[in-house]
Amino acid sequence: FNFLKKIMPTSDTTPNPLLSITDLIDYASVRPEHVVPAVKSLAAQVEAALEKADAPSTPASWENTVEPLEKGVLAFGRAWGAVGYLQSVVDTPALRDAFNEALPIATDLFLRLSQDEKLCDKYRELAASPEFEELAPVRRRIVERELRDFRLSGASLPKVQRERVKAIGQELSQTSQKFSENLLDATNAYELLIEDEKRLAGIPEETLASIGDAEAAGKKGFRLTLQYPSYLPAMKYCADRGIREALYRAFSTRASDLTAAFDNTPLIKRILELRAEEASLLGFKNYGELSLATKMAKAAEVLDFLRDLARRSKPRAEDDVAQVDAYARDELGIDKIEPWDRAYAAEKLREARYSYSDAEVKRYFTQRAVFKGLFGLVEKLFGIEIEEAQASVWHPDVKY
């Protein structure tokens, strides 16, 4: 994370870029110490807009109730979204601490907005007024969806139950964040050092050069990790079964009870308990129905679709498995194929049967070639020209 020292300096004189997002986000200027002050400031603005919207003297109209509040929520949402995104793509201890400090503030604000009885009454009044039919279709849809979300957030429940739904939302927010952190930390904590390059036979040279250099980490030999650019090529191409098994077992047990420092088992149990309780409080049979309440499909339709998909696809899948197993046994000498053998055997079968290799094909699909082809096609279809522009990014490798 050395680059973060450059894009996240420690000077206190820089203006807070999260407070003035009008167009593109100035990612390169965002520092961990910007997060909490920005979240508090923008949350206070939303609270002020909410207080005004709730006032008895404020008419229940789009211009007086909805629009001012929407502007404040949009500003807060863009800033909080930028923080959450950075925390996902360039997670550092300082940024994680700032995010976790601000998370309860953001969660509480969104829950407060979604459970505000006075605001809900204003939306109901607007929906029942003659003005509602005169609103543009998009605005009517926004009002209807807000009323739906008030219901799904427990705004109409008695106070005790409403407060419980709010408490569940807070705990779910923090528990889910901890789950993600454990998974990321468990992934980053693992490495498999290989000193003998012969054990890595089968992995394409260019792939190995980009993923396996241990010197960058101050170590000798080759370094395999559970990051996808390292893990997937090793599982598909590495001829050494021992390496594939070690990686597979480590990958499959990330953040489990086998990695005590990052064990997500109690968090999974707690998340399921909280989701079930929330669904019950809101009048749903289970969390699946609650989740689908904001989507087009219904629970029965989803289950029917999945069962039909399984019925149609299972025979094909069993046939594919049988072919891979037979090839592994007859051509690769693997009598009993294990989970860590399947990707490797499938790739070998593809090469043998179709003279086709993912590694070979990828050489023709570099980033530059893909961009040129994509943009060239769009330019031809729509008669436009696409030129590269400049924007603030969070890492030197990011391309705008």
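These remarks concern the structure in this document. (Residues numbered from 1 in each chain as written. Predicted model: local features only at pLDDT ≥ 70, side-chain atom pairs only at ≥ 80, totals over all residues. Heavy atoms only, no water.)

1. Some words on the overall build of the protein chain
Note the following rule: Helical segments are the DSSP runs of H or I of at least four residues, strand segments are the runs of E of at least two, and each set is numbered from the N terminus. Think of it in three bands: with a 1.4 Å probe and only protein chains considered, a residue is buried below 20% of the maximum accessible area for its type, exposed above 50%, and partly exposed in between. A contact between two residues is defined here by any heavy atoms of the two lying within 4.5 Å. The method behind every accessible area is Shrake-Rupley, applied with a 1.4 Å probe, and residues are considered shielded solely by the protein chains displayed. For the charge count, each Lys or Arg is scored as positive and each Asp or Glu as negative, with His and the chain ends excluded. Every charge is mapped onto a representative atom, which is NZ of Lys, CZ of Arg, CG of Asp or CD of Glu.
Across its full length, the protein chain holds 17 helices and 2 strands. Taken over the C-alpha atoms alone, the protein chain extends approximately 80 × 55 × 55 Å along its principal axes. Sorting the 400 residues of the protein chain into buried and exposed places 36% on the buried side. A separation threshold of at least 6 residues defines the contact pool for the protein chain, and within that pool the share at least 24 residues apart is 64%. Just so you have it, the protein chain exposes about 24,200 Å², and 55% of that area is on carbon and sulfur atoms. Each charge class in the protein chain was averaged separately, 56 positive and 65 negative side chains, and the resulting centres sit 2 Å apart.

2. What about unusual backbone geometry?
Glycine aside, negative phi is the norm for most residues, and most peptide bonds take the trans geometry. Backbone geometry places Ala 255, a non-glycine residue, at a positive phi of 55 degrees. Tracing the chain through its elements places Ala 255 in the loop between helix H11 (241-252) and helix H12 (265-281). Accessibility expressed as a relative area gives 7% for Ala 255, which makes it buried.

3. Some points on the nonpolar core
Rules: Side-chain atoms within 4.5 Å link the members of a nonpolar core, which is a set of buried Ala, Val, Leu, Ile, Met, Phe, Trp, Tyr and Cys residues.
Counting residues in hydrophobic clusters, the biggest one holds 43 residues, and the most contacted among them are Leu 18, Val 35, Leu 69, Phe 76, Trp 80, Leu 86 and Leu 119. The element best represented in this core is helix H2 (residues 32-54), accounting for 10 residues. Residue contacts for Leu 119: discarding those within four places in its chain leaves Leu 50, Ala 53, Asp 54, Thr 65, Leu 69, Leu 113 and Phe 150. With 20 residues, the next largest nonpolar core counts Leu 192, Tyr 231, Ala 234 and Phe 251 among its residues.

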